[in-house]
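Report on the structure
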Amino acid sequence: MDVSAQHLVLLCIAALIAGVVDAIAGGGGLITLPALLAAGLPPHIALGTNKGQSVFGSFAALVRFSRAGLVDRKLAKVTFPLSLGGAFAGAALVMLVKPEVLKPLVLVLLIAVAVFLAFRRAPPPGERPEPTPVPRAQAIGGLIALAIGTYDGFFGPGTGTFLIVAFSTLLGHGLARASADAKVVNFASNLASVSLFALKGVVIWKVALPMAAAQFTGAWLGAHLAVKGGDKLVRKVVLVVVAALVLKLGRDVVIG
């Protein structure tokens, strides 16, 4: 398919903004996927091309968070492969069950996430939660990665947000660190998805690669902002992303 130079520029701008948002709180697909559809790409091509560019953004954010020392490398050795396997399993489930059946459930979960974050008590300055023992943290983190990695391969909306909340609540991580550990899982699931889409030939690389460059830049900037802004910034952006997801899925459920 051919995309005009003007559309490609606009898509790259969308990818840049999406990269910033996604690195902090997830939800970048809320920007890029509608943009790809508006450019005239059929839904299955838009989905594949979106994954083709977003995997670069999750990689950039992961590298930036890692350089800041926020990524738990021991945990990543467990969460990365389990998310990768989960995403492949989720993609296989699409052949058996329609992803649309999850929309009402995901909508309820997102509203619960919004309420949780809105009323979440921030720890006093200098106070840090007790670290979860390593074996237990790896077991819990592995289950999070497997479950949400499978969900991402099967359906997807809200993946980054669910990961941040899961790592924050179940492992006691601050939101900035949870966002960093979430990127390990998100990069793995994106990698699995883009591999499948590429094998099916539904990634338009002449569109995906320019967008990937913009997404990479935006994600690096977004991760930098998350590192500097800490939990306060991540919390605000996550709430905005959750609100946008609730509106979108609510509209989808109503329209059917």
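Residues numbered from 1 in each chain as written. Predicted model: local features only at pLDDT ≥ 70, side-chain atom pairs only at ≥ 80, totals over all residues. Heavy atoms only, no water.

As named in an unreviewed UniProt entry, the protein is Probable membrane transporter protein, taken from Myxococcus landrumensis. The UniProt entry for the protein carries the following comment under Subcellular location (unreviewed entry): "Cell membrane". Under the UniProt heading Sequence similarities (unreviewed entry), the note attached to the protein is "Belongs to the 4-toluene sulfonate uptake permease (TSUP) (TC 2.A.102) family." (UniProt positions renumbered as here; feature names shortened; annotations may be inferred.)

1. Details of the environment of serine 195
Residue placement: serine 195 occurs in helix α8 (residues 175-199). Residue class for serine 195 comes out partly exposed when judged on its relative accessible area of 32%. Each C-alpha atom, one on serine 195 and one on leucine 30, is 21 Å from the other, the two residues being 165 residues apart in sequence. (Helix = DSSP H or I, 4+ residues; strand = E, 2+ residues; numbered from the N terminus. Buried < 20%, exposed > 50% of the residue type's maximum accessible area, 1.4 Å probe, protein only.)

2. Observations regarding the environment of leucine 36
With respect to the helices and strands, the residue leucine 36 is situated in helix α2 (residues 29-38). Looking at leucine 36, the relative accessible area reads 0%, which means it is buried. In sequence terms leucine 36 and histidine 7 are 29 residues apart; their C-alpha atoms lie 9.0 Å from each other. Other than its neighbours up to four places away in sequence, leucine 36 contacts Leu11, Leu41, Ala46, Thr49, Asn50, Val207 and Met211. (Contact = heavy atoms within 4.5 Å.)

3. Quick look at the packing of helix α5 (residues 103-119) against helix α9 (residues 205-255)
It is at 9 Å that the axes of α5 and α9 come closest, and there the two elements cross at 155°. Considered as vectors, α5 and α9 are oriented roughly antiparallel to each other. As for how α5 packs across α9, the hand of that crossing is left-handed. Of the residues in α9, those touching α5 at Lys103, Pro104, Val106, Leu107, Leu110, Ile111, Val113, Ala114, Leu117 and Ala118 are Arg235, Val238, Leu239, Val242, Leu245, Val246, Leu249, Gly250, Asp252 and Val253. (Axes fitted to C-alpha atoms, helices over the stretch in contact; angles between N-to-C directions. Parallel < 35°, antiparallel > 145°, perpendicular 65-115°, else oblique. Left-handed = near helix turned anticlockwise from the far one by under 90°.)

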